[in-house]
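So the chains spell out like this:
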Amino acid sequence: MAILERKIKRNIKSISSEVLNGTNYSRSDFARSLLNYPAMMVPSVQEPIIEELAEVLNNEVSLLDPFMGASNTLVTGMKYGMNVFGQDINPLSLLLSQVKTSYYSKEELDEAEARIINHINTDQSYTVEINFTNIDKWFTKNVQIDLSKIFRAISKESIIRIRKFFWIVLAEVIRLTSNDRTSTFKMHMRSLEDIKSREVSAIKTFTSISKKNIKNISDYITILVQNGHIQNGKYLKEIEVVWGDTNKEIRTDKSFNLLVTSPPYGDNQTTVTYGQFSYLPLQWIPVHDIDNSIDINYLENAQIIDTKSLGGQARSNIKDLEELMFNKSRSLKKFVTQFKDTERKKAEKVTRFIYDLNKSIDNMLPKMEKDSFMVWTIGNRNVNKQIVQNDLILKELLASKGVKIFTNLEREILSKRMPGRNNFSDTMSKEKILIFKKTE
Ligand SMILES: C[S@@+](CC[C@H](N)C(=O)[O-])C[C@H]1O[C@@H](n2cnc3c(N)ncnc32)[C@H](O)[C@@H]1O
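Going along each chain's sequence as written, the residues are numbered from 1 onward. Per-residue local features are limited, in this predicted model, to residues with pLDDT of at least 70; the limit for side-chain atom pairs, both in listing and counting, is 80 or more; totals at the level of whole chains, interfaces and linings are taken over all residues. No hydrogens and no water enter the side-chain calculation; it runs on all heavy atoms of the structure.

Going by the annotation in an unreviewed UniProt entry, the name recorded for the protein chain is site-specific DNA-methyltransferase (cytosine-N(4)-specific), with Bacteroides faecium given as the source organism. As its UniProt record puts it under Catalytic activity (unreviewed entry), the protein chain is described as follows: "a 2'-deoxycytidine in DNA + S-adenosyl-L-methionine = an N(4)-methyl-2'-deoxycytidine in DNA + S-adenosyl-L-homocysteine + H(+)". UniProt positions are given in the numbering used here, feature names are shortened, and annotations may be inferred rather than shown by experiment. Recorded in UniProt under Sequence similarities (unreviewed entry), the annotation for the protein chain is "Belongs to the N(4)/N(6)-methyltransferase family. N(4) subfamily."

Set out below in structure tokens:
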């Protein structure tokens, strides 16, 4: 075992910077192309690491991603025939993951697409199906009418798995045709001149995204079939993706021998607003077509998902949290205690985030088997113009629970869709990949 582990460590260390930086990686790869979810992991970066660790695990792998996002980790695991389980608090992440981990035949999607487009083209109604505060701010009347036709046509499909696929197409159409700028994840309306002069057709966009998505998912499924992981339309190992708050629990009784994840790097509001990104698409997708167990009222306003995410809420007294967390992480203590007054107030958000991250780790560890591996991709960020060393903090948190580092790597993140440089440090253009082994 020790010899094999040494070999794997060497192999991981020798992964080229080209592969790690994703330089040659195609942005139109299936895993990233169905819906442009924020901060997606680059599958080709994780793939060689997952492949090496699978060898130590005798190629019998059960993979967990407790912050699955666009589920790129899970689909990478599926290429290797692993059991996969993912969880996320964002309902749009869940829907996207359900689609990306489902089996679809190209014929059934082509047929459904033809039916849907036919319904859209024969639909003469001007009724707008959805209403929410400020709908007219975020969508022009024409776009609302077109989206409603698409909505009615998808709703007519009798199979929920098929509806889910086309709801994701609709989500991407909404991203491209609403009045929200695509250049930021935060909701930010385009200028009135821009809205007036823009020529967008939601129906035309739907048709082209649908064709692209059908091709991409079919190509990916063909690879799984060729690799022998799908037989008679069924993936041979277990797949489960669920809605859940990792800070509260991981909603499964299963155990795992590999965890591969990329957590948020700070509270959503000051880093990546996954919730705001999802707010408009989620207004148009019926919750019962996603999951009935979702128990946050995410349609109420654009902040709900972000405040419910890691570090989004002021749960307990900050003094208690500081005492607890400073004991676990010297780097956190050093960072926070350098500030006074308003700067100190800002730094408290970091403590709250790390407190939530720590609780999430406490929920993960009991699910991880003895001798399992954990691969964490994490970047640093700036608060008060100083670097929050998330990588060191994470190492210290895990060390406080008896989990040691196995090996580590560094990568440039030029290929990742992140918000502007605002709030991110120079070191944020680099990410650490920390690999831990749980030996107890
Ligand atoms: C960086 S993304 C994950 C990227 C992902 N590994 C991929 O391959 O695309 C982080 C995810 O964590 C989720 N998240 C934040 N707080 C959470 C919580 N308390 N419970 C579960 N998921 C959470 C966000 O919704 C977001 O989708």
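Q: Can you tell me about the overall build of the protein chain, naming the residues and giving the values?
A: Segments assigned H or I by DSSP are reported as helices when at least four residues long, segments assigned E as strands when at least two residues long, and all are numbered from the N terminus. The number of helices and strands found in the protein chain is 18 helices and 11 strands. Computation of the radius of gyration draws on C-alpha atoms alone. For the globule rule, the value is 2.2 Å times the number of residues to the power 0.38. In terms of overall size, the protein chain behaves like a compact globule, its C-alpha atoms giving a radius of gyration of 22 Å where 440 residues would be expected to give roughly 22 Å. Seen through its C-alpha atoms, the protein chain measures out along the principal axes to roughly 65 × 55 × 40 Å. Here the protein chain holds 440 residues, and the buried ones make up 59% of them. Throughout, a contact is declared for two residues whenever any of their heavy atoms are within 4.5 Å. Put simply, 78% of the contacts in the protein chain that link residues at least 6 apart link residues at least 24 apart. Here the protein chain displays about 19000 Å² of accessible surface, and carbon together with sulfur accounts for 48% of that area. Only four residue types enter the tally: Lys and Arg on the positive side, Asp and Glu on the negative side, with His and both chain ends excluded. Note on charges: their place is set at NZ of Lys, CZ of Arg, CG of Asp or CD of Glu. On the protein chain, the mean spot of the 63 positive side-chain charges and the mean spot of the 54 negative ones are 4 Å from each other. The classification of residues rests on relative accessible area computed with a 1.4 Å probe and restricted to protein chains. Under 20% of the type maximum is buried, over 50% is exposed, and intermediate values are partly exposed. All accessible areas in this document rest on Shrake-Rupley with a 1.4 Å probe, and a residue is counted as covered only by the protein chains that are shown.

Q: Give a detailed account of the site of the ligand, specifying residues and quantitative values.
A: When at least one non-hydrogen atom of a residue lies within 4 Å of a molecule or strand, that residue is treated as near it. As a structural note, the neighbourhood of the ligand is formed by 23 residues, with Tyr37, Met41, Asp88, Asp245 and Thr246 the closest of them. Here a polar contact is taken to be a pair of N or O atoms separated by no more than 3.5 Å, where protein atoms must pair a possible hydrogen donor with a possible acceptor and residues adjacent in sequence count only if both atoms sit in side chains. Take Asp65: an N or O atom from its side chain is 3.5 Å from a nitrogen atom of the ligand. Separating a nitrogen atom of the ligand from a backbone N or O atom of Leu310 is a distance of 3.2 Å. Only protein atoms enter the 1 Å grid used here, on which a cavity is any set of points holding a 1.4 Å probe that cannot leave and a pocket is any open set flanked by protein within 12 Å on both sides along at least five of seven lines; residues with an atom within 4 Å of a point are listed as lining. Each molecule is assigned to a cavity or pocket provided more than half of its atoms lie within 2 Å of the corresponding grid points. When atom positions are compared with the pocket grids, the ligand is found to occupy the largest cavity. Residue classes in the shell around the ligand are distributed as 12 nonpolar, 8 polar and 3 charged. Only Asp, Glu, Lys and Arg are considered charged in this grouping, and only Ala, Val, Leu, Ile, Met, Phe, Trp, Tyr, Cys and Pro are considered nonpolar; every other residue, Gly among them, is considered polar.

Q: Tell me about the packing of helix α7 (residues 106–122) against helix α10 (residues 160–177), residues and numbers included.
A: Contact pair α7 / α10: the axes reach a minimum separation of 11 Å and the direction vectors enclose 70°. Considering the angle they form, α7 stands roughly perpendicular to α10. Considering how the two elements wind past one another, α7 and α10 form a crossing that is right-handed. When α7 is examined against α10, the residues Glu108, Leu109, Ala112, Glu113 and Ile116 are found in contact with a partner set consisting of Arg161, Ile162, Phe165 and Phe166. Comment: axis = line fitted to C-alpha atoms, over the contacting stretch for helices; angle = value between 0 and 180 degrees taken between N-to-C directions. By the definition adopted for this analysis, an angle is roughly parallel if under 35 degrees, roughly antiparallel if over 145, roughly perpendicular if from 65 to 115, and oblique otherwise. Handedness of a helix crossing follows the sense of rotation of the near helix relative to the far helix, less than a right angle counterclockwise being left-handed and clockwise being right-handed.

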